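Per-entry structural report
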Amino acid sequence: MTYCLDIPVGAYHIITAPDHCAWPNLTLLPNGEIAATIFNQPSHGRLEGDAELWVSSDGGETWAMRSQITQHEAGTVRMNVAAGLNQAGELLVLCSGWDLSKGTAEWPYGPCLLPQVCLSGDSGNTWEVVGEVQPPTEQGSCTIPFGDIVINGEELLGSVYAGDNRTWNQSWVLRSKDGGRTWGEASLIDGDNHDETSLLRSASGRLLAGLRLLQGTAPENARSSQRPSAPLVLYISDDQGLTWEPQQYLSLPGQVPAHLLQLADGTILLTYGSRIPECRGVVGRISRDHGQTWSQPFTLVAGFMPNSDHGYPSSVQLGDGAIVTAYYCSAAPWYQRYHMGVLRWNLEMVDTRALGA
Amino acid sequence: MAYQLGIPHGAFHTVTAPEHCAWPNLTLLPNGEIAAVIFNQPSHGAMEGDVELWVSEDEGYTWGMRSRITDHEPGTNRMNVAAGLNQKGELLVLCFGYDLATDFGGAQHSHASWLAPQICISSDNGHTWDIAGEMPAPAGLDKCVPFGDIVINGDELAASVYTRDPTRERRKKYPSSAWLMRSSDGGRTWGDASLVAAHRFGEGAPLITRQGTWLAALRLKQFPADYEPEDVMNRERFVSGPNVLLFASDDAGRTWEPRQYLSLPQQHPAHLLQLADDRILVTYGNRICEAYGVVGRVSADGAQSWSRPFTLVGGLMDYDCGYPASVQVSNGDIVTAYYSKCSPWYQRYHMGVLRWNLDMVDTRALGA
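Positions within a chain are numbered from 1, following the residues in the order the chain's sequence is written. In the order they appear in the text, chains get letters beginning with A and ligands get numbers beginning with 1. Two thresholds apply to this predicted model, a pLDDT of at least 70 for residue-level local features and 80 or more for giving and counting side-chain atom pairs, whereas whole-chain, interface and lining totals are computed over all residues.

Quick notes on the overall build of chain A
The following threshold applies: Counting from the N terminus, the helices are the DSSP runs of H or I reaching at least four residues and the strands are the DSSP runs of E reaching at least two. Working definition of burial: number of other C-beta atoms within 10 Å of the residue's own, with buried at 20 or more, exposed at 12 or fewer, and partly exposed in between, all C-beta atoms being placed from the backbone. We call two residues in contact when their backbone-placed C-beta atoms lie within 7 Å.
From N to C terminus, chain A includes zero helices and 25 strands. Considered along the principal axes of its C-alpha atoms, chain A spans approximately 50 × 45 × 40 Å. The burial tally for chain A puts 51% of its 357 residues in the buried class. In chain A, the proportion of contacts linking residues at least 24 apart, taken out of those at least 6 apart, comes to 51%.

Printed below as a string of structure tokens:
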């Protein structure tokens, strides 16, 4: 039987972090290394585990674990992260989790754990837990960070989604004015039917957010994998994130979540997972007009196995213009266990024409 | 761009041993673990390095390094191996290497400075190793290179080696010959060599079937008339001719007769394994351009006839690949390991592992 691995012509691909359901978040460190904050267990959060830092010192070609970021308590897991640099170049990770020991047959994860604020002043070699992120709303205690922490002048912005323990559906932006040690001053992006949100502050100062839309109403006892599939929707703020306006859908249903990155030439790159059957992989689109219009989707990675658990891409751009995109997958034909895949590519390798062109 | 990975439908495939030009040799340990003896550098032998033992405790699904078997001296490497169990269940590795510092000319080693194989023995499933001595070459020859599985024949062990003639002039005419060496003390000393084939043969995969047939699948080195042995690594790429030739012996390996070609040109080297149902599996690397990977065939009549070739792994990106080795695990599945310098999904040196069974492939006879 012939399986296909579909990647851009000329792209470099590698597998790393074996047995990690990685959900990677990439950060380009000040010294040029690429840091990947990933979950360290071969399970979609159903095993006790922690966030680890894996690093590439050669532009994404090889990877190695540098440190364990969190130290989960017995019966719990630390897995959902937002990550990025603060103004001092320190690496920040906000990491929430679940109290698995209180899980039920209906909801095995148990209640949410508040995000820990993890800070490293030495490129991720050592970590300090400096506090917790409090919920942005009194309407629920569940607060889950996601995506990149972005620098917005003297403050930092991070996204969380929040709500009751099993019905989180609000997307928020939190702020920190002390280099990420404390967080507050929440602004609501959308209060209904959205969760994982990727933030980007473009060079123009405009804030963009790619939100995962929780389409439809799931049955009360439905697990997340049984929920109706949903697309991504783009929101924009021109007032430093205080108010947000929905713009357009960015993907098809079943293609989530998003990552946004502004490239050196001003182009905005969107990547997202594709869980559409027969089109399982990672997809990209670009915008050359600050998010107003977007290219046709192009495949970055495809060929994962049916029923596999995958996606959650995250990208950085290197000094030579190459883009490094990491994703996770539980079963690809070539590596049929949880792992992190890494693609090094550039825009000349893909078709970035406008839709319909 | 869509690259293709050709593996049997339903097979499990994984990648392990990153940055290892593995050339794997698999051994099923007495406790059911699978041991893979592999070279530990991302280079086709042009770097200092050693052989390591990687082990799967779950019949091929996951792998981890257990030990480093050899400890090379500066300026040398240890890379070519034969491996297997002795009668006591001890793990044996015969490991050859090169003196890189003495005579190394660029990207490819010249084979001019051979090191005698070390005899490495582990009595604790590869956690620790003793060096019991060095393996001599067949009488009158220089050094020898072990390859393939060490096989048990009653109270003795047998291992395949290939050699070169020590004189340059003779090497032009008889560049390489394949031999069988014996040990009567559990692998601690070796000798009593029998010539399998002279002139142009290299890596040989031995097998003694449960029916008592001795087989050896030899890599046939095809050379042009103006062959220069110091350039063997490059010359091989430009010649044609079948690359695996099966030999058989009816006198316990004392004399050998060629039986048939098993592969096409650029398909080598081979590994032989008798399965639980007595069928014989041959696997070999496929270095035909645009078809890089691993191929298999089976024989249900004691190696008299063979099935059509079937692809076990296809779609690799570089000529530097192959060297499969296989074991059969408890449920009848076959675990086959190989190495690759560059695959679309893992574009650096690594070991690939396939877990599969014969029901997944087309084992009909040629022309059926």
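Next comes the rest of the write-up.
A closer look at the overall build of chain B
Each helix and strand in chain B was counted, giving two helices and 27 strands. Put simply, 53% of the contacts in chain B that link residues at least 6 apart link residues at least 24 apart.

Thoughts on the sheet that holds strand β26 (residues 334–340) of chain B
Strand-to-strand pairing in sheets goes through backbone hydrogen bonds, with the strands running parallel or antiparallel. Residues and elements named next belong to chain B. Spelled out, the test is: By this definition, two strands are paired if DSSP reports at least two bridges between them. Axis definition: a line fitted to C-alpha atoms, limited for helices to the stretch in contact. Angles are taken between N-to-C directions and run from 0 to 180 degrees.
Spatially, β2-β27-β26-β25 is the arrangement adopted by the four strands of the open sheet, whose pairing is antiparallel. At either margin of the open sheet sits one strand with a lone partner, and together these are β2 (12–16) and β25 (321–328). Neighbouring strand axes in the sheet, compared pairwise and without regard to direction, differ in orientation by 20 degrees on average. For β26 and strand β27 (residues 350–356), the ladder comprises seven bridges, and the chain directions are antiparallel. Across the sheet, the residue bridging to Tyr 339 is Met 351, located in β27.

A short note on the interface of chain B and chain A
Worth spelling out the cut-off: Side-chain classes are defined by residue name, with Ala, Val, Leu, Ile, Met, Phe, Trp, Tyr, Cys and Pro counting as nonpolar, Asp, Glu, Lys and Arg as charged, and the others, Gly among them, as polar.
Listed by partner, the interface residues are 18 residues for chain B and 18 residues for chain A. Elements with a minimum of two residues in the side of chain B that touches chain A: β1 (2–6) and β2 of chain B. For the side of chain B that touches chain A, the element with the most residues is β1 of chain B, which contributes five residues. Grouping the constituent residues of the side of chain B that touches chain A by class yields eleven nonpolar, six polar and one charged. Summarising the sheet, strand β1 (residues 2–6) of chain A and β1 of chain B pair through five bridges and their orientation is antiparallel. Within the sheet, the bridge partner assigned to Tyr 3 of chain A lies in β1 of chain B and is Leu 5 of chain B.

Describing unusual backbone geometry
Residue Val 256 of chain A is joined to Pro 257 of chain A through a cis peptide bond whose omega torsion reads -15 degrees. Examined against the element boundaries, Pro 257 of chain A turns out to sit in the loop between β18 (245–249) and β19 (258–262). The omega torsion across His 268 of chain B and Pro 269 of chain B is -20 degrees, close enough to zero to call that bond cis. Summarising the element assignment, Pro 269 of chain B is placed in strand β21 (residues 267–274). The phi torsion at Ala 17 of chain A lies on the positive side, around 50 degrees, for a residue other than glycine. As for its position among the elements, Ala 17 of chain A is in the loop between β2 (12–16) and β3 (25–28). Judged by local crowding, Ala 17 of chain A falls into the buried class, with 24 C-beta atoms found within 10 Å. A positive phi angle is found at Asp 278 of chain B, which is not glycine, with a value near 80 degrees. Following the sequence through the fold, Asp 278 of chain B ends up in the loop between β21 and β22 (280–286).

Some details on the nonpolar core
Under the convention used in this document: The term nonpolar core means buried Ala, Val, Leu, Ile, Met, Phe, Trp, Tyr and Cys residues held together as one set by C-beta atoms within 7 Å.
Of all hydrophobic cores here, the largest spans 206 residues; its most connected members are Val 93 of chain A together with Val 37, Ile 38, Val 93, Ala 217 and Leu 218 of chain B. Apart from residues lying up to four places away in sequence, Val 93 of chain A is in contact with Thr 37, Ala 51, Ile 69, Val 81, Ala 83 and Cys 118 of chain A.

A closer look at the sheet that holds strand β13 (residues 170–176) of chain A
Residues and elements named next belong to chain A. Read from one edge of the open sheet, eight strands run β10-β9-β8-β7-β11-β12-β13-β14, paired in mixed fashion. Strands at the two margins of the open sheet, each flanked by one partner only, are β10 (128–132) and β14 (184–190). Across the sheet, the mean angle from the axis of one strand to that of its neighbour is 25 degrees, orientation sign disregarded.

Section: the environment of Ile 131 of chain B
With respect to the helices, strands and loops of the structure, Ile 131 of chain B is situated in strand β12 (residues 130–134). When residues no more than four places from it in sequence are discounted, the contact partners of Ile 131 of chain B are Gln 118, Ile 119 and Cys 120 of chain B.

Things to note about the pairing of strand β7 (residues 76–85) of chain B
Residues and elements named next belong to chain B. With respect to burial, β7 is a largely interior element, nine of its ten residues being buried. Judged from the nine bridges that link them, β7 and strand β8 (residues 91–99) form a sheet pairing that is antiparallel. What sits directly across from Ala 82, in β8, is Leu 94. In this structure, the hairpin formed by β7 and β8 is closed by a connection of five residues, where Gly 89 is found at a positive phi of approximately 85 degrees. Across two bridges, β7 lies against strand β13 (residues 144–153) in parallel orientation. By the bridge assignment, Ala 82 is partnered in β13 with Gly 148.

A few points about the environment of Leu 211 of chain A
Residues and elements named next belong to chain A. Its place among the elements puts Leu 211 in strand β16 (residues 207–213). Residues Leu 211 and Ser 171, 40 residues apart in the sequence, show an inter-C-alpha distance of 7.8 Å. If near-sequence neighbours (up to four positions away) are discounted, Leu 211 is found in contact with Ser 171, Ile 189, Asp 190, His 194, Thr 197, Leu 232, Val 233 and Tyr 235.

Here we look at the confidence of the model for chain B
All names here are of chain B. Let me state the cut-off plainly: On a scale of 0 to 100, pLDDT captures the predictor's confidence in every residue.
In the predicted model, chain B carries a mean pLDDT of 91, and 88% of its residues have values of at least 70. Overall, residues 103–109 carries pLDDT values under 50, and its contacts beyond four positions in sequence, including any with other chains, amount to 13 contacts. Note on residues 229–238: pLDDT is under 50 here. Beyond four places in sequence and across chains, it has 13 contacts. Predicted complex, confidence summary: ipTM 0.87, pTM 0.90.

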